[in-house]
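# Structural characterization, general
One letter stands for each residue in the lines below.
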Amino acid sequence: MSTLRNKVQLIGNVGQDPVITDLDGGKRVARLTLATNEHYKNNQGERITNTEWHTVIGWGKLADIIEGFVTKGKEIAIEGKLTSRSYEDKEGNKRYVTEVVASEILLLGGNTNEG
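Everything in this summary refers to the structure shown in the same document. Since we're looking at a predicted model, the values are computed, not measured. (Residues numbered from 1 in each chain as written. Predicted model: local features only at pLDDT ≥ 70, side-chain atom pairs only at ≥ 80, totals over all residues. Heavy atoms only, no water.)

### A short note on helix H1 (residues 61-69)
An α-helical segment advances 3.6 residues per turn. Residues three or four places apart therefore align on the same side. What counts is decided by this rule: Relative accessibility decides the category of a residue: with a 1.4 Å probe and only protein chains considered, values under 20% of the type maximum give buried, values over 50% give exposed, and everything between is partly exposed. Labels follow the DSSP assignment, with helices taken as runs of H or I lasting at least four residues and strands as runs of E lasting at least two, numbered in each case from the N terminus. When we speak of the arc, we mean the arc of directions from the helix axis to the C-beta atoms.
All of the buried residues in H1 are Leu-62, Ala-63 and Ile-66. Looking straight down H1, one finds its buried side chains confined to an arc of 100°; they lie on one side. For H1, the exposed residues set more than 90 degrees away from the buried face come down to Lys-61, Gly-68 and Phe-69.

Below, the structure is given as structure tokens:
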């Protein structure tokens, strides 16, 4: 059991073009949303699709790869870890977010929005 750790693997489609931010000190970060789908049949035999949305963060060279190759609709696989943080919004309310900090990305099929 000592090999278990915080590890996430997701395959899905990018929900919108990634946002790339250049930070102080030359650091770069990419932020994107990833949709994963689960399919099952309900009690009536109807096929149901459940879509989950994940926020994915990529730092440094990974941000450069995301900027160059990842667009809305692209199918990708990512591996990373879950992180949680909190912040105060403009109205002073405390907000909590859970994000996947990617360590690897694999570009899969073409864009789903290509016709």
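Resuming the write-up.
### Re the pattern of salt bridges
What counts here: By definition here, a salt bridge exists when the distance from a side-chain nitrogen of Lys or Arg to a carboxyl oxygen of Asp or Glu is within 4 Å.
Inspection of every chain in the model, using the stated rule, returns seven salt bridges. As a salt-bridge pair, Lys-7 and Glu-79 come within 3.9 Å of each other at their nearest N and O atoms. Taken as a pair, Lys-7 in the segment before strand E1 (8-14) and Glu-79 in strand E5 (residues 74-88) lie far apart in primary sequence, 72 residues in all. Its salt-bridge partner being Asp-22, residue Arg-28 comes within 2.6 Å of it at the nearest N-O pair. Here Arg-28 falls in the buried class, since its relative accessible area comes to 19%. Beyond isolated ion pairs, a larger network of salt bridges with shared partners links Asp-22, Arg-28, Asp-64 and Glu-67.

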